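Now for the letters of each chain:
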Amino acid sequence: MFAVKGPRYVTHLKKLVGTETAVANFVASGLLALGPTLGPILWQLPAVSAFDAPRLTAFFASLPRSTAEAAVLGARHDEKLAADRVFLGAAVYVYFDNDARGHAPWDAVALRRMVDGAR
């Protein structure tokens, strides 16, 4: 069984508000590949956050409750996910997790150009 920590982007930068796309990206990044070995997901909040029951209630209500719901959520955002992955050939993929400032898609494109130029 694996416990997985939710992304800091959701908890610290988005502050649990407007997180559907970020949660979809997290779910679709390979989380479901753990299958029955997926255990709890830890959502670590910033130490300076005050308790906000309505915000927490809304966030937890927005999370998928099953792998089927998670798969649907991830699929709705699949086009966004494809932008930050690069196929390098022979089953080698690279995923950029520098999402705090949105650089991942641009880094993926830059890597693609470097790889294409080296061939």
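Above this text you will find the structure in question.
Computed from a predicted model, the values in this text were never measured in an experiment.

The rules behind each value
- Along each chain, residue indices are assigned from 1 in the same order as the chain's sequence is written.
- The predicted nature of this model means local features are confined to residues of pLDDT at least 70 and side-chain atom pairs, given and counted, to a pLDDT of 80 or more, with totals for whole chains, interfaces and linings taken over all residues.
- To get the side-chain values, take all heavy atoms of the structure and skip hydrogens and water.
- In this text, helices come from DSSP runs of H or I with a minimum length of four residues, and strands from runs of E with a minimum of two, each type numbered from the N-terminal end.
- When accessible area is computed with a 1.4 Å probe and restricted to protein chains, residues below 20% of their type maximum are described as buried, those above 50% as exposed, and intermediate ones as partly exposed.
- Residue contacts are counted whenever heavy atoms from the two residues lie within 4.5 Å of one another.
- Using a 1.4 Å probe, accessible areas were evaluated by the Shrake-Rupley method; residue-level cover was limited to the displayed protein chains.
- For the purposes of these results, a polar contact is taken to be a pair of N or O atoms within 3.5 Å, where, inside protein, one atom must be able to donate a hydrogen and its partner to accept one; residues adjacent in sequence count only when each atom of the pair is a side-chain atom.
- Pairing of aromatic side chains requires ring centres within 6.5 Å, counting the rings of Phe and Tyr and the six-membered ring of Trp. Pairs whose planes differ by under 30 degrees are stacked, by over 60 edge-to-face, and all others tilted.
- What the arc covers is the set of directions going from the helix axis to the C-beta atoms.
- What makes a salt bridge here is a side-chain nitrogen of Lys or Arg within 4 Å of a carboxyl oxygen of Asp or Glu, nothing more.
- Residues belong to a common nonpolar core when they are buried Ala, Val, Leu, Ile, Met, Phe, Trp, Tyr or Cys residues joined through side-chain atoms within 4.5 Å.

S.K.: Explain the overall build of the protein chain to me, and be specific about the residues and the numbers.
M.R.: Scanning the protein chain from terminus to terminus reveals 6 helices and 4 strands. For the protein chain, the sequential pattern of α-helices and β-strands runs β-α-α-β-α-α-α-β-β-α. For the protein chain, the proportion of its 119 residues judged to be buried stands at 28%. Restricting the contact set of the protein chain to residue pairs at least 6 apart, pairs at least 24 apart contribute 61%. Entry remark: accessible area of the protein chain is about 7900 Å², with carbon and sulfur atoms responsible for 62%.

S.K.: Mind laying out the side chain of Thr11, listing which residues take part and the relevant values?
M.R.: By the element assignment, Thr11 lies in helix α1 (residues 8–13). Taking relative accessible area as the criterion, Thr11 reaches 3% and is therefore assigned buried. A distance of 2.7 Å separates polar atoms of two side chains, one belonging to Thr11 and the other to His12. Aside from chain neighbours lying at most four places away, what touches Thr11 is Leu16, Trp43, Gln44, Leu45 and Pro46.

S.K.: Describe the packing of aromatic side chains, and please don't skip the residues or the numbers.
M.R.: Here the structure, examined in full by the defined rule, presents 3 aromatic pairs. Where Phe26 meets Trp43, the ring centres are 5.7 Å apart and the plane angle is 70°; that geometry is what we call edge-to-face. Separated by 17 residues along the polypeptide, Phe26 in helix α2 (residues 20–28) and Trp43 in the loop between β2 (38–42) and α3 (53–62) bring together distant segments of the chain. Joined through ring pairs, the aromatic side chains of Phe26, Trp43, Phe59 and Phe60 make up one cluster.

S.K.: Provide a residue-level description of helix α4 (residues 67–76), including the pertinent values.
M.R.: For α4, the complete set of buried residues consists of Ala70, Leu73 and Gly74. Buried residues in α4, looked at end-on, bunch into an arc of 95°, giving them a common side. For α4, the exposed residues lying more than 90 degrees away from the buried face are Ala68, Ala75 and Arg76. Between the side-chain oxygen at the start of α4 and the backbone nitrogen of Glu69 there is a gap of 3.1 Å, and the oxygen is on Ser66.

S.K.: For the pattern of salt bridges, give the residues involved together with the corresponding values.
M.R.: In this structure the tally under the stated criterion is 1 salt bridge. Residue Arg55 is joined to Asp52 by a salt bridge in which the shortest nitrogen-to-oxygen separation is 3.4 Å. Using a relative accessible area of 33% as the deciding quantity, one classes Arg55 as partly exposed. When its relative accessible area of 29% is taken as the criterion, Asp52 is described as partly exposed.

S.K.: Can you tell me about the nonpolar core, naming the residues and giving the values?
M.R.: Val10, Val23, Trp43 and Phe59 are the most contacted members of the largest nonpolar core, which has 15 residues in total. Going through the elements one at a time, α2, α3 and α4 are the ones with two or more residues in this core. Top element by residues in this core is α2. It accounts for 5 residues. Beyond its immediate stretch of four places on either side in the chain, Trp43 contacts Gly6, Pro7, Val10, Thr11, Val23, Phe26, Phe59, Phe60 and Leu63.

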